[in-house]
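Close look at the chain arrangement
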Amino acid sequence: MESGLSARDRVGVQDFLLLDNYTSEAAFIENLRRRYKENLIYTYIGSVLVSVNPYRELEIYSKQHMERYRGVNFYEISPHIYALADNSYRAVRTERKDQCILISGESGAGKTEASKKVLQYYTTMCPTRNNTQSIRERLLQSTPVLEAFGNAKTLRNDNSSRFGKYMDVQFDYKGAPIGGHILNYLLEKSRVVHQNHGERNFHIFYQLLESGDGALLKRLGLDRTNPQQYHYLVKVRPSLCVCAKSNIVIYSCNIGNCPRVSSISDKNSWKVVSKAFTVIGFNEEEVEELLKVVASVLHLGNTQFGEDEYGETHLTTEMPIKYMIGPLSLEQAVSARDALAKAIYGRTFTWLVQKINQSLAFQVSALKCSSVIGLLDIYGFEVFQNNSFEQFCINYCNEKLQQLFIELTLKSEQEEYEAEGIGWETVEYFNNKIICDLVEEKFKGIIAILDEECLRPGDACDLTFLEKLEDRLGGHAHFVTHKLANGKIRKAVGREEFRLLHYAGEVNYNINGFLDKNNDLLYRNLKEVIMMMIEGFTLLSCGQAATQFKLSLAKLMDILMSKQPSYIRCIKPNDAKQPGRFEEVLVRHQVKYLGLMENLRVRRAGFAYRRSFEAFLQRYKPLCPDTWPNWQGKLSDGVSTLVKHLDYKAEEYKLGRSKIFIRFPKTLFLTEDALELKKPTIGDACLSAVIMIQSWWRGVKGRRRAKRRRQAADTIRNLIKGFILRNEPRCPDNEYFLDHVRFSFLMTIKRNLPKSVLDRTWPRPPPSLTEASVHLHRLCIRNLVNDYCRKIQPEWRNQLEQKVVASGIFRGQKDNYPQSVPRLFVGTRLENEEINLKVRQTLGTDNKYGVVVTKYDRHGFRARPRQLLLMGSGVILVQESKIKQRIDYSSLLGISVSSLSDGFFILHVPPADSKQKGDLVLQCDHVIEAVTKLAVMADKIHSVNISQDSIKFAIARGKEGVIDFTYGAELRVVKTKNGHLAVVRIIQSHTKPINHLDKILSL
């Protein structure tokens, strides 16, 4: 930062602490003006960042700028919001103490943009974790959603935040953002039903009407072609007109005074909001439900009222709604309708914030929130021509923040002085606790009196509230009314106003509407109708709004007090939103209510400038021969030597434990000017040093090149000699070559490892590594197989296990096994619909596998179609709806198949078993699959017998049958004269087809 002091006459100083006349408000504003004219919108007051809205895009927010400020000392380069953001982040990482950044200023000063820039810095520059990338996007995309529902166009700002927002950004122990949480304060609900001339309702209404899908608008009952028909979107409130004949109240409005609803920005903004909804995690149904509430508010605004012949008020609307008759006057009915609209929108906004918080909450159980940086984007001090309940709450909030600001600033100053061992001098300042107590003190403050008046029986109204204020607070130095004021002040305070003398100045508050806004009540019967219409919808009284806000504010103060604060004070240079225009009167007003002069005075009560010994010595060491070019001793001794050489007076500075403190800016300016004069001499000295270093470096490089040439020649010589003697026993003359060959072979293997078990390529090894090469190849293939088995999915694992069993039983034993290898085993060959319903009801759901088979009678060998079902406990043979035979796995003796390519298999059962009629002779087109599954389920893998020529099987009553298997010209199954069953198969080639799966199974 000191580098900018040389141009201070043109661009001012980068830190207001360095102003000579620091008590002069004019000097303060002139420094702001100089910097603003040069597009230098950021200036420090110590650790406080003052930001002036440029009203245009500046090329200072790129990723390159972020990199420039990352990890750099706060004062090392020019002031920037990234410097403050990075300083807070580094404090979180190094000190492990939660931080908060307080952003304040009036509407249009750039608070929201400042908050976005800080959030953008954290989501871009912080470490990245694969499982938290979505959180970064959600943190960024929460802003456009909240702006759509909580921001509006005002006279001062096209995108004014009409609510206060505090966001916690949560970081893990590595400093990666892993979550967030938002608290919202005091949404301006009155804007839903009324806007001042030249202002608009919340953005979402216009975005929906302008860019909402046509089908969606139709479902919501909205009309894009005539947006002026919605009374809540009209600048001038509709007037009540009574028809003399029917006594029906109707609305009229001047369409010419309606604000322009459609704009390019509304179209583009809606696209951004729609994308943001998706990123945050809203589905289409949730978005439409949310928009239904928005549409309901518009329809509610179009509700009309009339009186019947009995004087009762009726409610009518174009949308379907419960019919309602109530004992309300027309004015009460309109007020009740507006109260309902505000309540619905307020509850919806609260629900929206809760939904966003659910999205921002970090979900990964392994992650633990280590630290937090809070961002407070809060409304600034407001002084309008007509100030009401909302301005009272906002300015009360600013009083509390100012109180916290001064307390924490003094505390920070005192802690730094004590840490450095420098005596602390008591600083006199205006303590605005007297104003805070005037507003919030129990039983005595304005809020307590307001609640008391709202709750007391009788005819309480705004005027009685004012009278009670005058009675209770009449002698307070910071409270004035028309009745209590003297002649001069009385003219400036209306009869329905009271004046508070805030720290930032005097503000008159009009008491009209204070009680209604504080009550925030709905009529009981209206709540009952709404609850009947919407299941689970509760719309209870908010209680006392001011008290609730006071409690929320107290919690916010506790949050901020628990964190280490940083401050961004935003200033609006003009009301016309024009770049380059600097209105001194407007800026002076903001400097006053932001308390910047008070903050500057507190910081300058001691020392204007402080730097670490290392930074101070590094910059100014050329000014002293004893410290130039390098100081070899202790840093504190080096700084002491330097300041003595510069002839600093004792009252101008003090040395702490790790920092130097300079009291007067003039001392620093003289030091900086001396450095500027010294730079040419330093440059000449540096040039001589550079020439000397270059000469030395050229010599070093030349010697290195010569050494490399000698080493290269020696290497080539050793390789040639080793190649000539490569077949000789190992000796000093060939060991270099042999080692080189072995190393090259191993590196070749490393670079060309097989990618799968089917890859048979392997480099040829040198003679000395033949055995090692075989061992390495086996290890590599084994690792590939193990890796493949670990990654395989459960269903494929089961498939592979069955194929391995089949390989163990049939490989090399049965002719048609090779053809079965590439065919996958299926779960079952019979669907439920193919099995008779009666059978399914009898057997239940225990069926594991089913297949169509042909059963051959034991005597005549007659072929009969059957279904074979493998159950959990046994084998079932089914004929249509009948269960023909059941064999338990425990009684199954074994399974026999032939070595030919036929599909016959025999199930052997105990001859003495009276329940069985003998062994089962079956034929199946999927014999390999069926026998494998049966062997696995019955645990008979080792009881499968494969016969070469014939198979004997048992017939009832001790008799025995025989099946003969032979090759022939055609496929035949016949009974021979000797009573045997002859199975003739066509001769097939025994050459195994090349099959990848079989290769894997063989491994």
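In this text the structure is predicted, and so the values were computed from the model without any measurement.

Right, let's talk about the sheet that holds strand β22 (residues 863–870) for a bit. Strand order in this open sheet of eight strands is β24-β23-β22-β21-β27-β26-β25-β28, and the pairing throughout is mixed. Each end of this open sheet is capped by a strand with a single partner; those strands are β24 (882–888) and β28 (944–947). In this sheet, adjacent strand axes meet at a mean angle of 30 degrees when their direction is disregarded. The pairing of β22 with strand β23 (residues 874–879) spans four bridges and is antiparallel. Looking at β23, one finds that Gln-867 is bridged to Val-878.

Here we take up a positive patch on the surface. A grouping of Lys-701, Arg-704, Arg-705, Arg-708 and Arg-709 is seen on the molecular surface, where their side chains present a positively charged patch. Along the chain, Arg-708 falls in helix α24 (residues 665–724).

Their axes nearest at 11 Å, the elements helix α2 (residues 25–37) and helix α20 (residues 584–593) cross at an angle of 115 degrees. Of the two elements, α2 crosses α20, and the hand of that crossing is right-handed. For the pair formed by α2 and α20, the contact residues are Glu-25, Phe-28, Ile-29 and Leu-32 on the first element and Glu-584, Val-587, Arg-588 and Val-591 on the second. Of the residues that constitute the contact of α2 with α20, the class distribution is five nonpolar, no polar and three charged.

A few words now on the confidence of the model for the chain. Where the model shows low pLDDT, its predicted coordinates should not be examined in detail. In this model, the chain carries an average pLDDT of 84, and 88% of its residues clear a pLDDT of 70 or more. When mean pLDDT is taken per element in the chain, strand β2 (residues 48–52) scores highest with 95 and strand β9 (residues 249–252) scores lowest with 30. Scored below 50 in pLDDT, residues 535–542 makes 19 contacts in the model with residues more than four places away or belonging to other chains. Confidence over residues 990–994 falls short of pLDDT 50; this stretch has seven contacts with residues more than four positions distant or in other chains.

Once that is clear, we can look at unusual backbone geometry. In most cases, non-glycine residues show a negative phi, while peptide bonds are predominantly trans. For the peptide bond that leads from Trp-628 to Pro-629, omega is 0 degrees, which places it in the cis range. Relative to the elements of secondary structure, Pro-629 occurs in the loop between α22 (613–620) and α23 (635–645). Of note, the phi angle at Asn-39 is positive, near 60 degrees, even though the residue is not glycine. Looking at the element boundaries, Asn-39 is found in the loop between α2 and β1 (42–45). Residue Asn-39 is classed as partly exposed on the basis of its relative accessible area of 36%. Positive phi, close to 60 degrees, is recorded for Asp-939, a residue that is not glycine. Assignment of secondary structure puts Asp-939 in the loop between α30 (927–938) and β28.

Conventions and cut-offs
- Residues numbered from 1 in each chain as written.
- Predicted model: local features only at pLDDT ≥ 70, side-chain atom pairs only at ≥ 80, totals over all residues.
- Heavy atoms only, no water.
- Pairing = 2+ DSSP bridges.
- Helix = DSSP H or I, 4+ residues; strand = E, 2+ residues; numbered from the N terminus.
- Axes fitted to C-alpha atoms, helices over the stretch in contact; angles between N-to-C directions.
- Patch = residues over 30% accessible without salt bridge, like charges linked within 9 Å, V, L, I, M, F, W, Y side chains within 5 Å.
- Areas by Shrake-Rupley, 256 points an atom, 1.4 Å probe, with all protein chains shown as cover.
- Salt bridge = Lys/Arg side-chain N within 4 Å of Asp/Glu carboxyl O.
- Lys, Arg positive; Asp, Glu negative; His and termini not counted.
- Charge placed at Lys NZ, Arg CZ, Asp CG, Glu CD.
- Left-handed = near helix turned anticlockwise from the far one by under 90°.
- Contact = heavy atoms within 4.5 Å.
- Nonpolar A, V, L, I, M, F, W, Y, C, P; charged D, E, K, R; others polar.
- pLDDT = per-residue confidence, 0-100.
- Buried < 20%, exposed > 50% of the residue type's maximum accessible area, 1.4 Å probe, protein only.

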